[in-house]
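Residue-level structure breakdown
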Amino acid sequence: MAGKNILIVDDAAFMRMMIREILAKNGYTIVGEAENGIRAVELFQELQPDLVIMDITMPEMDGIAAVRAIRKLDAEASIIMCSAMGQQALVIESIQAGAKDFIVKPFQAERVIEAVAKITG
Amino acid sequence: MMKEWDGIGLQEEKSWEVLREAASIGTGNAVTELYQRTHQTIRMGVTDVALATAVELHEILGGGSGRVFAFSLHVEGEIKGRLLVLLGQDSAVRLQRRMQEQRETQGTAVLEPGMDALKETLRRMSKVYLVAVSCLTNLKIIGSRPALSADQLHKVLEKPLAGMADPEGKVLCAHTRVWDEERTFEGDFLFLPEKASVLAMLSSTGS
Ligand SMILES: [Mg+2]
């Protein structure tokens, strides 16, 4: 749904740009970008986004640890994982940590939109 | 630190980042393939990219003089270079054993001695790695018939590195370490693209 505020978390700037372009084209607002888990938690508190798109493999703090930290701050936080680490055990670990969906890299734009639309309603 | 990359006018930081992410995505997909075969969760470190001499590469890979299994292939097409999967002797033997058990329980193949099951698994992982890089970059890539060798690290690196070094004797490498929860399995993925291929990756991803 247009107008929803999204925080993008990925250590690769070009990956954040790819996701930003897909979302912006579909009417979503990107309120912030973070390059690691620690910055993601800080920006989540500061910006209170409607949704977070979260990479797993990142320096400083990985994405699953960041999901746990964010859900501690806000048990209702909506987070979608976006990672190449698509092993079933890690998908389950992410969902148990509080993520609502999992996008496997490399992704198609439609998959990103489908996941985001499902959660932001 | 936006140093120009000699010769092709690339901005080092930006191009290295695309390579880093491509290698990370390749490895992530390759270990998912491994997980489907072993049902053992594999963790993966942050990929590091470096322009390194053979000696420096040896250090990046943790040095050591033990026997290493190297699975290497030539990457051809719109990205050219080499892809290597390196396993220490213990990890290779354990993985081989696990693959063979898997085959026995599934009854899919006759129990074969030697390294066939390991080779097949590594071949699949390499293929999945390249397919993921190809999907990300929208560039066509073909992997050559892979070669499996077992020797000391500097020896197994010799052949794949031949012809890859720049005039200063350095190769561009993206290195990703993987391991299982109990650390009974550890491995290294090494992607060595030609510099011109990194330029192609950069422009195809719109960076
Ligand atoms: Mg990452």
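Model, not experiment: these values are computed from the prediction. (Residues numbered from 1 in each chain as written. Chains lettered and ligands numbered in written order. Predicted model: local features only at pLDDT ≥ 70, side-chain atom pairs only at ≥ 80, totals over all residues. Heavy atoms only, no water.)

**Section: the UniProt feature "domain: Response regulatory" (unreviewed entry) in chain A**
The feature "domain: Response regulatory" (unreviewed entry), as given by UniProt, occupies residues 5-120 of chain A in the numbering adopted here. With 49% helix and 21% strand, residues 5-120 of chain A has end C-alpha atoms that lie 10 Å from one another. (UniProt positions renumbered as here; feature names shortened; annotations may be inferred. Helix = DSSP H or I, 4+ residues; strand = E, 2+ residues; numbered from the N terminus.)

**Digging into the interface of chain A and chain B**
At the interface, 22 residues of chain A touch 23 residues of chain B. Approximately 1700 Å² of surface area, both sides summed, lies buried where chain A meets chain B, with 64% of it carried by carbon and sulfur atoms. Contact with chain B buries area across many residues of chain A, yet A:Phe14, A:Gln87 and A:Pro106 alone supply 35% of it, more than any other trio. There are 2 salt bridges connecting chain A and chain B. Where B:Glu21 meets A:Lys105, a salt bridge forms, and the shortest distance between an N and an O atom there is 2.8 Å. (Contact = heavy atoms within 4.5 Å. Buried area = accessible area lost by both parts, 1.4 Å probe. Salt bridge = Lys/Arg side-chain N within 4 Å of Asp/Glu carboxyl O.)

**Regarding the coordination of the magnesium ion**
All names here are of chain A. Coordination of the magnesium ion by the protein is provided by Asp-11 (OD), Asp-55 (OD) and Thr-57 (O), with metal-donor distances spanning 2.1 to 2.2 Å. Written as a sequence motif, the donor residues of the magnesium ion are D-x43-D-x1-T. Considered together, Asp-55 and Thr-57 belong to a single accessibility category, that of buried residues. (Donors = N, O, S within 2.8 Å, 3.2 Å for Na, K, Ca; no water. Buried < 20%, exposed > 50% of the residue type's maximum accessible area, 1.4 Å probe, protein only.)

**Examining helix H5 (residues 109-120) of chain A**
Since the α-helix advances by 3.6 residues per turn, residues separated by three or four positions end up pointing in the same direction. Residues and elements named next belong to chain A. With 12 residues, H5 should cover 16 Å at 1.5 Å per step; its first-to-last C-alpha distance of 16 Å lies within 8% of that length. Buried-residue contacts for H5 involve strand S1 (5-9), helix H1 (13-25), strand S3 (51-54), strand S4 (79-83) and strand S5 (101-104). Two residues or fewer past H5, Gly-121 is found with a positive phi of approximately 65 degrees. (Expected span 1.5 Å × (residues − 1).)

**Details of the pairing of strand S9 (residues 171-180) of chain B**
Residues and elements named next belong to chain B. Across the 10 residues that make up S9, a large majority, 9, are buried. Pairing of strand S3 (residues 42-44) with S9, which is carried by 3 bridges, proceeds in the antiparallel orientation. Residue pairing across strands places Ile-42 opposite Asp-180, the latter belonging to S9. Hairpin geometry of S9 and strand S10 (residues 186-193) is characterised by an intervening segment of 5 residues between the two adjacent antiparallel strands and by a positive phi of about 55 degrees at Arg-183. (Pairing = 2+ DSSP bridges.)

**Structural notes on H1(A)**
All names here are of chain A. In a regular helix each residue adds 1.5 Å, so 13 residues correspond to 18 Å; H1 covers 18 Å between its end C-alpha atoms and thus fits that length. Turning to H1, its buried residues are Phe-14, Met-15, Arg-16, Met-17, Ile-19, Ile-22 and Leu-23. Phi turns positive, to about 90 degrees, at Gly-27, one or two residues after H1.

**What to know about the packing of aromatic side chains**
All names here are of chain B. Enumeration over the complete set of coordinates arrives at 2 aromatic pairs over all chains. Aromatic side chains Tyr-129 and Phe-189 sit 5.8 Å apart centroid to centroid with 15 degrees between the ring planes, which places their arrangement in the stacked category. Placement of the pair is Tyr-129 in helix H4 (residues 116-137) and Phe-189 in strand S10, with a sequence separation of 60 residues. One exposure class covers both Tyr-129 and Phe-189, and it is buried. Judged by centre distance (5.9 Å) and plane angle (65 degrees), the ring pair of Tyr-129 and Phe-191 falls under edge-to-face. Of the two residues, Tyr-129 is situated in helix H4 and Phe-191 in strand S10; the sequence distance between them amounts to 62 residues. Take Tyr-129: its relative accessible area is 0%, and that puts it in the buried class. Put simply, the rings of Tyr-129, Phe-189 and Phe-191 pair up and form one aromatic cluster. (Phe/Tyr/Trp six-rings, centres within 6.5 Å; stacked < 30°, edge-to-face > 60°.)

**A closer look at the UniProt feature "modified residue: 4-aspartylphosphate" (unreviewed entry) in chain A**
Residue and element names in this part refer to chain A. The UniProt feature table records "modified residue: 4-aspartylphosphate" (unreviewed entry) at Asp-55. Inspection of the secondary structure puts Asp-55 in the loop between S3 and helix H3 (63-73). Under the relative-accessibility criterion, Asp-55 is labelled buried at 3%. Those residues in contact with Asp-55 that lie beyond four places of it in its chain are Val-9, Asp-10, Asp-11, Gly-63, Met-81, Cys-82, Ser-83 and Lys-105.

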